[in-house]
Amino acid sequence: MKKVLTGNVAAAYGATAARVNVVAAYPITPQTTIVEILSEIVADGELKADFVKVESEHSALAACIGAQSAGARTFTATSAQGLALMHELIHWSARARLPIVLTNVNRAMAPGWSIWADATDSIAQRDTGWMQVYCENNQEVFDTVIMSYKIGENENILLPTLINLDAFFLSHTSQVVDIYDSERIDSFLPPYNPKYKLDVNAPRSFGALTSPEHYYEFSYLLHNAHKKAKEVIREVGKEFGKKFGREYGLVEEYKCEDADEILVTYGTIAGTTKDAVDRLREKGRKVGAFKIRYFRPFPDEEVIEVLSKAKKIGVIDRAVSFGHEGPFLSEVKAALYESGNYVPVYGFVAGLGGRDVSIADIENIHDHMINNEPENLIWIGVKK
Amino acid sequence: MKKVLTGNVAAAYGATAARVNVVAAYPITPQTTIVEILSEIVADGELKADFVKVESEHSALAACIGAQSAGARTFTATSAQGLALMHELIHWSARARLPIVLTNVNRAMAPGWSIWADATDSIAQRDTGWMQVYCENNQEVFDTVIMSYKIGENENILLPTLINLDAFFLSHTSQVVDIYDSERIDSFLPPYNPKYKLDVNAPRSFGALTSPEHYYEFSYLLHNAHKKAKEVIREVGKEFGKKFGREYGLVEEYKCEDADEILVTYGTIAGTTKDAVDRLREKGRKVGAFKIRYFRPFPDEEVIEVLSKAKKIGVIDRAVSFGHEGPFLSEVKAALYESGNYVPVYGFVAGLGGRDVSIADIENIHDHMINNEPENLIWIGVKK
Amino acid sequence: MNSEKKVKLTIPEHEVMSPGHLACQGCGASLAMRYALKALGEKTIVSIPACCWAVIDGPFPYSAAGIPVMHCAFETAASTSSGITHAMSQLGQDDVTTLAWAGDGGTFDIGLQALSGAAERGDNLIYIVYDNEAYMNTGIQRSSSTPHGAWTTTTPVKHYKKGPKKNIVEIMVAHHIPYVATANIAYPEDLIRKIKKAKEIKGAKFLHLYAPCPTGWKHPPAITIKVARLATETNVFPLYEVTDGVYKINKVIKNVKPVEEYLKLQGRFRHLSKEEIDFIQQEVNKNWERLVKLEKAFGEDSE
Amino acid sequence: MNSEKKVKLTIPEHEVMSPGHLACQGCGASLAMRYALKALGEKTIVSIPACCWAVIDGPFPYSAAGIPVMHCAFETAASTSSGITHAMSQLGQDDVTTLAWAGDGGTFDIGLQALSGAAERGDNLIYIVYDNEAYMNTGIQRSSSTPHGAWTTTTPVKHYKKGPKKNIVEIMVAHHIPYVATANIAYPEDLIRKIKKAKEIKGAKFLHLYAPCPTGWKHPPAITIKVARLATETNVFPLYEVTDGVYKINKVIKNVKPVEEYLKLQGRFRHLSKEEIDFIQQEVNKNWERLVKLEKAFGEDSE
Amino acid sequence: MADKNDKKINISGASDMPPMAASLGSMRQNKTASWRSIRPIIDEDKCKNCMICWKFCPEPAIFPTAPPTIDYDFCKGCGICIEECPFDAISSVKEGK
Amino acid sequence: MADKNDKKINISGASDMPPMAASLGSMRQNKTASWRSIRPIIDEDKCKNCMICWKFCPEPAIFPTAPPTIDYDFCKGCGICIEECPFDAISSVKEGK
Amino acid sequence: MLEIRFHGRGGQGAVKASDVLAIAAFEEGKEVQAFPFFGVERRGAPVTAFTRISDTEIRIHSYIYEPDILVILDPSLIGAVPLTDGLKPSGKIIINTSRKPEEFSFPEAENPQVFTADCSAIAVKYRLGSKESPIVNTAILGAVAKATGIVSIDSICKAIENKIPIKKEENAQAARETYEHVLS
Amino acid sequence: MLEIRFHGRGGQGAVKASDVLAIAAFEEGKEVQAFPFFGVERRGAPVTAFTRISDTEIRIHSYIYEPDILVILDPSLIGAVPLTDGLKPSGKIIINTSRKPEEFSFPEAENPQVFTADCSAIAVKYRLGSKESPIVNTAILGAVAKATGIVSIDSICKAIENKIPIKKEENAQAARETYEHVLS
Ligand SMILES: Cc1ncc(C[n+]2csc(CCOP(=O)(O)OP(=O)(O)O)c2C)c(N)n1
Ligand SMILES: Cc1ncc(C[n+]2csc(CCOP(=O)(O)OP(=O)(O)O)c2C)c(N)n1
Ligand code: SF4
Ligand code: SF4
Ligand code: SF4
Ligand code: SF4
Ligand code: SF4
Ligand code: SF4
Ligand SMILES: [Mg+2]
Ligand SMILES: [Mg+2]
């Protein structure tokens, strides 16, 4: 059923359709409406779940960890400071192999206080073992919540997923979204029934002291789960496509086949870039857009396959790893390096702290690539 | 004066010599002895400072942030879970441009609980805006604490520093360290007197709401400070060398000039690698070791200059960015990519969760590079 | 107009905080700060975590407080202030008052532990919570200070808040710090006296300020003071102080008004049934009796 | 030897916890768990944060507890348990008891906020702190439960701990939860009764267990029980419970022993002067009087 | 003392900015008059100079003169002074448009 | 019920391991006898079967038989039983060598 | 694609208006997007919101710089904020005011078409908001429907009933009444 | 470079011993390294520690796999843990025991040289630790000095006075006495 929804409502509806058992979350702008709507949905009895109204994000994720370990399907949502406050437990939930789903509204880190779009908050979780997806629109938010449970709960995967949506540009933007109720989703997403869980009938300890004898191997298993996840993500994306008409992969190509220049982006900038590509194509420029959905596991095969055919690549990051460069930029380069053949890569920063990224900005980026040597970093629109 | 000290004691003595005003820290194995020794030093009146015995690491860093903002020189120390618990404030202190010094004993993240060496804890802070150093030995720990204040407090820099030492391999290992008292250090390290601080005579607010109009530029300034820091690090390292006889840079080369294969490492593995290089050289192999001290700001110039001359490069990471690859590996590749010429790079993981990395392991790594095509990731010593 | 006729003022004339700030019309929290700074003066450094006041003070590059303001992370009002007070002491500025100023969410919930730690250490600071009984800055979500019966966006009318608000004063009294007090913006003289008293005491001091929020409580801005006053006149929010463990009720209301008078002014209680209102009245009575007992057992006149 | 002669046992015979665990010789904390699991039985899920018990239970791939154990982050005993209890309720396993089991550091300090949150929400769980008055697992650093006068590695003899231990029981009583109690491993029958009582009550329950640590307190392992018993016999650690706000002292010691007897057994107090010991005695007396007053004001027989 | 400077700070870019978000001026530059939909007007004749209106103004936008003066640059029109004046000396006038 | 299985779990590598650190056996496999430097020995004649020793053993390494039996596989020799026995029925013997 | 920009003050419901307009267009089979310019919203402070309406998928996520239509909920904003920035030539401007279109001039805009309607009066009539601060967001959508024809007044009313939680009926009627009283 | 491995039990002070030995060698102008194998140390549980002594900078940070010298603080560990793993041919083994060297055999080691000394008795004599669990770490260093000659007994005593917080004198004397009573 199609509805006009904000990204936050789409996320809440996704969790509802997935029949989560326990929600634990703490409000923070601009995630707040997710919490508010889920409060209503639970109060109305539309979702049979416990909503744990915790006193901090740290406790939100801890409660999810406890509940998920006990065999419940859990959901949480946060943003920026809240995500950062969870950091220790973000590591924890990945190493505990709990397929929790967290929707994060990408917002800039303080200080100065900012409530606007910026991906630094989630990028800074890239080393924790979570899967990470960046959504372009609200439909993708809804669909990704559903798929994330299916992917994460796969017995070979058992990984949590961080689903990211840009502050305001998605969280507070209404768009047409095709949603399904839980009955329809049931045929796609089986109940959660993990092999290892807290169970009084088969008592086990979880997370005990692990000597150097074994720890290394647990890390190895975690990394391998990510490697396998790439395949599962592709499969589940296809199955979703068959069932619901929209197919997803680790990445999305837009007019890349014959492109000389490819613009690599993520999140809402990816949508704007598609429009910009159309405009540039109208002007006769052979440009393509390459959207990276999954930052973890990182889609190196796709990156190499698609991008190494281009003549120039521009990577647009809505985050900077201070003292280094754009995080997507550096990982794209690291992947391309493997291929052994060199395509000039341009690194752009744009849109930090909610600075708007317009079609004109993308056109400038393309112009820059046409007229200049590769350079890192180019700060689009910065006032010096 | 030379003494036999553990890395933790060296860190505590470094802070003492730097005449820090406020220490706020929380105990965690294997950092604990830093806290204990500083408690003694303060109790004995050898350091005139307030030691704030906080109730968590989060509060430890918050107290440092408060004190440093008010014009005090501050010090803290932690490890793994504690560092992770500080994460929100790690972002905070960088964006607030507070030159706090934090020594982190690199320890593996739970679960399962592990108290042993693993760099994932600090690597996971790479996107926060802190400078990051990895120490090879206890002398470097002491020296780096002193230099970090000087570098961080430079008015063009104003950045906090995360000084990393491997759990037990440094924290609890006694070595000969040449230490100086604060009188001697005073001539090198001037008092801290920041231009912007909490001051009742010139009241300002710090960290207020910052609209998209300005936030982007603050990020730009932060990134630029890192760029400038590279120069300051090199200068201060030279000045330190002149004063105290030991010179430091962003990186350290060992027999790289004529090396066919270069092994890139950090932390204590760098020391073991030097010994392995000597052994391999004895066997007639032209190998070199390249130690990366500063991971942030990332020494891309040095990496390109030294490594692009090699025939093969092996990067040994004591951390994995799950779902991607070794973090040093990927950033080394990203830097080399810029140079446009391709040198095969091999990615190795070793020593996670305290697994010992021996000279034999390094020799195996070299053998592997000689006999195989490049590959990511190779897990040294994993039991499959 | 600007005549020189002398007027008698019951609170200090000098304004530290400036107008132009970003509080909503009739905001109790902005009045609370105005009074607090009158009591403390310019030699004060304040830490403000995420809360309405993080906005009220104004965006970069401006500030309304008129004293140094350390905007700090949501959960760190107390711990940031701990750092500041230790810095002041090490830097020889012992005449500066360190103030932590947080909302109820930042105090009862996410900042409680940092507060408890500072209290236990006896760090020399004044911690003031301005209580508007919900997370207002993020758009009116329940906090553990939200009273029984109230609507918020996370306690929707069908699931309105059940259970009493956390008793932060008793919790802080249990920390055995030298001074704990309640105060109400409707009684500025009492409020200012208490903050001045706290300023003179060394160690960790805690004040619980009642500060209605027209936006979140759904009452017209004009009646902020009226609502606040009624909270005390109905015994919903009694005024008392605990000095070195000694209880003293500062205001015993002669003709206690029914709680309903207080509730009915506020949209957030509009949905309450008669039974619920009766229940709330009983709870208020019980809490008052408990307080009287405490004063009896631990008051100045107790043996 | 293994005769069939029937013996009378004052606590349940069935052992849930197994030997082979990693507690030091004579560890009070291991006894505490042994008793707790006798009281609760196998249908219990326990969350254990970083603390000695995270080690005592044993390393991967082993466990000594005999029930499902969720090792959890240091500050999350309560919040992890909140998640577990809600999961149990949603998954229809309401007969499972959810236990949070933490040390004093994980309770008085870093885990206080999560505990406070769970208490305020009324989450259905039992929270037990085993109190050994310092961070033992990391090698004896002060916690806010460390008593006045004690040596620890962060309160060295020259700077021994000043100030009383945080009164966690009063703090939890101030949360108005249905059941708060103290217990002592030297009195296992009382301890087990209280945990069983807590099990029958719905909501958040809190127990403060006294559990000496020979390693950290510097006394021989053999006298762990003796030291524990003396804590109660000297009124250093009185046994009482607060049920729905009603105070009851469970054990009034007839001939209260001087605190010195308790202190002198422990190396951590070795450095104390006569004056300090007198001071500690006075504080113990005061606290006891305070408790008696509380029972008088809020006990079963109070009006 | 509060920074009484009510000038707008002009920032053309990063080079005008401090390294961190440190304030450079007072919120006095932010005239909140435009928030007002009603205007409080003091009736000098009724006014007894009790200063209760001054005491309770949250901005503060009242000066404690006799009779009090309202600073219409900042008064947000909350109506507290009107409600609290014990002598009904303040009336409410709808703001024109 | 506690896992009474006291077998050592053999793990040759990642393929034998669960995905997370979930326990596979009981600490009963960890015989703590070697920690002991003194050995408690019950004197049957003195023993009155009060079971106080059983009650206070932290391991637990005493079975509540009459008289009680000490499990020397696990007794760590803490001496609590010796100290607490009201009838001095347990003596302490130095462990071998 | 049509791009509409709303200008109002905190409390007047400009954001809701942008949303309701989008829903109305969606009801007519369009692709839509609606979003606020998010600042710290305080009663009285200026607020901006946006709606995009298109026949094809809307992929752009960026503010609207060259609107086709401006909707001004509070005439006191005129002069106070740069309302007409980027307005397309011959763009439409719909103003809540009791004055007539010809009383307004926007010299910086290229040939704008101005429409006015006394939405405040109509909102007061239907008791939407208070007398001092009527909530005019639904009323003004009637004027938008009339002045632009991008959606029918029926769709507007349907969307209002869908989206407005209270006084659905009164809000819809206010929109209808405004629809009938637009001056141009 | 000489590599020494210590084996003891929690509470006996093996880690301290490795440190004191390193300091003694440092006093004689050597480069040194000392570190524990860090596990969860509990009274009674086996503990390992390491010392490296060298004329040149010690850069390696890895456990010792092929020690030159083994120091065994508790003879009950023999058989319980694989003590002689990696011991170099003709490596030295120093054992705290009242027995004689010839009573020990280490078939898995290549030609080891065994030394014994009754450190426990000497420690008890100097009241180091308790009678049941004497702390033998300083005493045994006397035996190490004597058996290996890598450092002088004077340096050992100096290092003890430097590093041992209490009973400095007694500890040093215990080392000296052991030095005089090593059997080989
Ligand atoms: C770690 C973190 N979580 C959540 C937020 C979002 N947040 C900002 S203010 C606020 C509510 C503050 O409530 P309160 O302390 O009562 O102050 P008030 O806004 O009511 O004045 C919240 C939840 C944040 N800034 N940081
Ligand atoms: C976030 C974090 N900080 C610090 C630690 C280190 N740590 C582990 S246990 C412990 C002390 C525990 O003390 P307590 O709770 O009293 O339990 P005990 O060890 O005394 O049994 C500390 C500080 C940790 N694991 N995590
Ligand atoms: S929301 Fe409430 S507390 Fe916040 S500024 Fe507005 S009136 Fe004040
Ligand atoms: S240190 Fe203390 S609490 Fe911890 S296991 Fe040993 S005796 Fe028990
Ligand atoms: S209306 Fe409100 S803001 Fe204006 S003067 Fe009166 S009290 Fe002050
Ligand atoms: S409150 Fe009324 S009477 Fe009093 S000073 Fe103000 S206007 Fe005058
Ligand atoms: S305590 Fe003593 S008397 Fe009692 S059962 Fe044990 S051995 Fe027998
Ligand atoms: S000595 Fe200790 S461990 Fe051994 S049986 Fe007695 S009480 Fe149990
Ligand atoms: Mg609030
Ligand atoms: Mg403890």
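Residues numbered from 1 in each chain as written. Chains lettered and ligands numbered in written order. Predicted model: local features only at pLDDT ≥ 70, side-chain atom pairs only at ≥ 80, totals over all residues. Heavy atoms only, no water.

### Some points on the site of ligand 6
Then step 1. What surrounds ligand 6 is a group of 13 residues, the closest being Cys47(E), Cys50(E), Met51(E), Cys53(E) and Cys85(E).
Then step 2. When the residues that make up the shell around ligand 6 are grouped by side-chain class, the tally is 11 nonpolar, 1 polar and 1 charged. (Near = heavy atom within 4 Å. Nonpolar A, V, L, I, M, F, W, Y, C, P; charged D, E, K, R; others polar.)

### So, the pattern of salt bridges
Then step 1. Under the defined criterion, the tally for this structure stands at 128 salt bridges over all chains.
Then step 2. Among the ionic pairs, Lys55(F) bridges to Glu189(D), the shortest N-O distance being 2.6 Å. Taken together, the residues Lys55(F) in helix α1 (residues 52-56) and Glu189(D) in helix α7 (residues 188-200) connect one chain to another.
Then step 3. Among the salt bridges present, the one from Asp68(H) reaches Lys88(H), with a minimum N-O distance of 3.0 Å. (Salt bridge = Lys/Arg side-chain N within 4 Å of Asp/Glu carboxyl O. Helix = DSSP H or I, 4+ residues; strand = E, 2+ residues; numbered from the N terminus.)

### Here we look at the domain arrangement of chain A
All names here are of chain A.
Then step 1. Partitioning chain A into structural domains gives domain 1 (2-244) and domain 2 (252-379).
Then step 2. Between the C-alpha centres of domain 1 and domain 2 there is a distance of 27 Å.
Then step 3. Contact residues are listed per partner, giving 30 residues for domain 1 and 31 residues for domain 2.
Then step 4. Around 2,400 Å² of area is buried between domain 1 and domain 2 when both sides are counted, 52% of it from carbon and sulfur atoms.
Then step 5. By the criterion of area lost to domain 2, the three top residues of domain 1 are Arg-126, Tyr-134 and Glu-136, representing 28% of everything that side buries.
Then step 6. Here Glu-301 ties to Arg-234 by a salt bridge, and the two come within 3.6 Å at their closest N and O atoms.
Then step 7. Of all the elements in the fold, those that place two or more residues in the side of domain 1 that touches domain 2 are α6 (120-123), β6 (131-134), α7 (138-153) and α9 (212-244).
Then step 8. In the side of domain 1 that touches domain 2, the residues fall into 16 nonpolar, 6 polar and 8 charged. (Domains from an automatic or database assignment. Contact = heavy atoms within 4.5 Å. Buried area = accessible area lost by both parts, 1.4 Å probe.)

### Here's the deal with the relation of the copies chain B and chain A
Then step 1. Between chain B and chain A, the superposition needs a rotation of 180° and an axial shift of 0.0 Å, giving an RMSD of 0.0 Å. The relationship between the two copies is best expressed as a two-fold rotation axis. Proximity to the rotation axis, assessed at the C-alpha, singles out Ala334(B) in chain B; its C-alpha lies 2.3 Å from the axis.
Then step 2. The fraction of interface residues of chain B whose copies in chain A are also interface residues reaches 100%, indicating that both copies meet through the same surface. (Least-squares fit on C-alpha atoms with pLDDT ≥ 70 in both.)

### Comments concerning empty space enclosed by the protein
Then step 1. One pass over the full model with this rule turns up 18 cavities of 30 Å³ or more.
Then step 2. In this structure, the largest cavity spans a volume of roughly 250 Å³.
Then step 3. Every residue lining the largest cavity is counted, 19 residues in all, and those nearest its centre are His58(A), Ile110(C), Gln113(C), Ile110(D) and Gln113(D).
Then step 4. Those elements that provide at least two residues to the lining of the largest cavity are α3 (57-69) of chain A, α3 (57-69) of chain B, α5 (112-121) of chain C together with α5 (112-121) of chain D.
Then step 5. Residues that form the lining of the largest cavity fall into these classes: 6 nonpolar, 9 polar and 4 charged.
Then step 6. Each pocket or cavity is described by its volume, and for the second largest cavity that value is around 130 Å³.
Then step 7. Around the second largest cavity, the lining residues are Glu170(C), Val173(C), Ala174(C), Tyr247(C), Arg290(C), Leu294(C), Glu170(D), Val173(D), Ala174(D), Tyr247(D), Arg290(D) and Leu294(D). (1 Å grid on protein atoms, 1.4 Å probe; cavity = no way out; pocket = protein on both sides within 12 Å on 5 of 7 lines; lining within 4 Å. Points joined across faces, edges and corners; volume = space filled by probe spheres on them.)

### A look at the sheet that holds strand β9 (residues 246-249) of chain D
Then step 1. If you trace the 9 strands from one edge of the open sheet to the other, you get β9(A)-β3(D)-β1(D)-β4(D)-β5(D)-β7(D)-β6(D)-β8(D)-β9(D), paired in mixed fashion. One side of each edge strand has no neighbouring strand; the edge strands of this open sheet are β9 (205-206) of chain A together with β9 of chain D.
Then step 2. Bridging between strand β8 (residues 240-243) of chain D and β9(D) involves 4 bridges; their strand directions are antiparallel. Residue pairing across strands places Glu241(D) opposite Lys248(D), the latter belonging to β9(D).
Then step 3. Strands in contact with helix α3 (residues 77-90) of chain D are β1 (44-48), β3 (69-71), β4 (97-103) and β5 (125-131) of chain D; relative to β4(D), the strand with the most contacts, it is inclined by about 175°.
Then step 4. The strands touched by α7(D) are β4, β5, β6 (179-184), β7 (204-210) and β8 of chain D; relative to β6(D), the strand with the most contacts, the crossing angle is about 160°. (Pairing = 2+ DSSP bridges. Axes fitted to C-alpha atoms, helices over the stretch in contact; angles between N-to-C directions.)

### Some remarks on the environment of Ile128(C)
Residue and element names in this part refer to chain C.
Then step 1. Mapped onto the secondary structure, Ile-128 falls in strand β5 (residues 125-131).
Then step 2. Ile-128 sits 52 residues away from Thr-76 along the chain, and the two C-alpha atoms are 13 Å apart.
Then step 3. Contact partners of Ile-128, with chain neighbours within four places excluded, come to Ala-36, Leu-99, Ala-100, Trp-101, Ala-102, Ile-195, Leu-207 and Leu-209.

### Remarks on the interface of chain B and chain A
Then step 1. Taken together, the contacts link 79 residues of chain B with 79 residues of chain A.
Then step 2. Summing the contributions of chain B and of chain A, the shared interface buries around 7,300 Å²; its carbon and sulfur component is 61%.
Then step 3. Of all residues in chain B, Tyr216(B), Phe322(B) and Tyr337(B) bury the most surface against chain A, accounting for 14% of the area lost on that side.
Then step 4. The interface formed by chain B and chain A contains 8 salt bridges.
Then step 5. Close ionic contact of Arg126(B) with Asp127(A) constitutes a salt bridge, the shortest N to O distance being 2.5 Å.
Then step 6. In this structure, the connection of chain B to chain A is made through 50 residue pairs in polar contact (both at pLDDT 80 or more).
Then step 7. Among the elements that line the side of chain B that touches chain A, the one with the most residues is helix α9 (residues 212-244) of chain B, at 11 residues.
Then step 8. Among the residues forming the side of chain B that touches chain A, the class breakdown is 36 nonpolar, 28 polar and 15 charged. (Polar contact = N/O pair within 3.5 Å; in protein donor to acceptor, adjacent residues only side chain to side chain.)

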